[in-house]
Amino acid sequence: MTRIDFHSNVSNKIAYACRLAHKAYSSQNRIVIVANDPDLTMLDRMLWTFTELDFLPHVTADNPLAAQTPIVLAKSNNTSLPHNQVLINLSADTPAHFASFERVIEIISTIDTEIAAGRSRYSFYKERGYALNHFVRN
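Note that this is a predicted model, so its numbers are computed, not measured.

Trainee: Looking at this model, I keep getting lost on the packing of aromatic side chains. Mind explaining?
Mentor: Each aromatic ring pair is characterised by the separation of its centres together with the angle its planes make. Counted according to the given criterion, the structure contains 7 aromatic pairs. Consider the rings of Phe-98 and Phe-124, whose centres lie 5.9 Å apart with planes at 70°: the pair is edge-to-face. Residue Phe-98 is found in the loop between strand E5 (86-89) and strand E6 (103-109), and its partner Phe-124 is found in helix H3 (residues 112-127); the two are separated by 26 residues along the sequence. Of the residues examined, Phe-124 reaches a relative accessible area of 25% and is grouped as partly exposed. Arranged with centres 4.9 Å apart and planes meeting at 70°, the rings of Phe-98 and Tyr-125 form a pair that is edge-to-face.

Trainee: What am I meant to see in the sheet that holds strand E1 (residues 3-10) here?
Mentor: The sheet built from 7 strands is open, its strands ordered E3-E4-E2-E5-E6-E1-E7 with parallel pairing. Looking at which strands have only one partner, the edges of the open sheet turn out to be strand E3 (58-60) and strand E7 (132-136). Shown here is a sheet whose adjacent strand axes are inclined to one another by a mean of 20°, direction ignored. When strand E2 (residues 31-34) meets strand E4 (residues 71-74), the two strands line up parallel, connected through 4 bridges. From the neighbouring strand, Val-32 faces E4, where its bridge partner is Val-72. Against the sheet, helix H1 (residues 13-26) makes contact with E1, E2, E4, E5 and E6, and its axis sits at roughly 160° relative to E6, the strand it touches most.

Trainee: Any chance you could explain helix H2 (residues 37-49) here in plain terms?
Mentor: Note: α-helices contain 3.6 residues per turn, so residues at a spacing of three or four share the same orientation. Here H2 spans 19 Å end to end across 13 residues, near enough to the 18 Å set by a 1.5 Å rise per residue. In this structure, the buried residues of H2 make contact with H1, E2, E3 and E4.

Trainee: Is there a simple way to think about the pairing of E2 in this case?
Mentor: Note on strand geometry: in a regular strand, side chains alternate between the two faces of the sheet. Of the two faces of E2, the one carrying Ile-31 and Ile-33 and the one carrying Val-32 and Val-34 are both buried. Relative to E5, E2 runs parallel, the two being bridged by 4 bridges. In the sheet register, Ile-33 faces E5, and the bridge partner there is Ile-88.

Trainee: Please clarify how the packing of H1 against H2 should be interpreted in this entry.
Mentor: Between two packed helices, both the angle of their axes relative to each other and the distance between the axes serve to describe the pair. At a minimum axis distance of 10 Å, the contact between H1 and H2 shows a crossing angle of 50°. In terms of axis orientation, H1 runs oblique to H2. Where H1 crosses over H2, the two elements pack in a sense that is right-handed. Across from Lys-13, Ile-14, Ala-15, Ala-17 and Cys-18 in H1, the residues of H2 making contact are Asp-39, Met-42, Leu-43, Met-46 and Leu-47. Tallied by class, the residues present in the contact of H1 with H2 amount to 8 nonpolar, no polar and 2 charged.

Cut-offs and rules
Residues numbered from 1 in each chain as written. Predicted model: local features only at pLDDT ≥ 70, side-chain atom pairs only at ≥ 80, totals over all residues. Heavy atoms only, no water. Phe/Tyr/Trp six-rings, centres within 6.5 Å; stacked < 30°, edge-to-face > 60°. Helix = DSSP H or I, 4+ residues; strand = E, 2+ residues; numbered from the N terminus. Buried < 20%, exposed > 50% of the residue type's maximum accessible area, 1.4 Å probe, protein only. Pairing = 2+ DSSP bridges. Axes fitted to C-alpha atoms, helices over the stretch in contact; angles between N-to-C directions. Contact = heavy atoms within 4.5 Å. Expected span 1.5 Å × (residues − 1). Parallel < 35°, antiparallel > 145°, perpendicular 65-115°, else oblique. Left-handed = near helix turned anticlockwise from the far one by under 90°. Nonpolar A, V, L, I, M, F, W, Y, C, P; charged D, E, K, R; others polar.

Below, the structure is given as structure tokens:
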């Protein structure tokens, strides 16, 4: 069954997602990061400059090289994704086909609307019997 982790009280979810992607990539995982358009644009830029010493190879889900690229950026309604190891969700929606991933990481910021959406997703997963882990950032 998919492992689902919630990381809440995150002050900068884009930077936090980059750190998680870096860690997962360093462990040789293939990652999909789901976000809405404005966040995808910021995430794309930040992944290029996140660390001076490491390269975090990434493309969008519609890129012909997506299947060969370790980090794929996708919109929440993408139904065809090339990887199924780690999914990092920055969107307000429950990602399509989340259950096909080994691990889902939900990042919840400090913004009230995002907290409410995160609670809704938490309930969604819980009602379906997923074991949930919750980490609160200080």
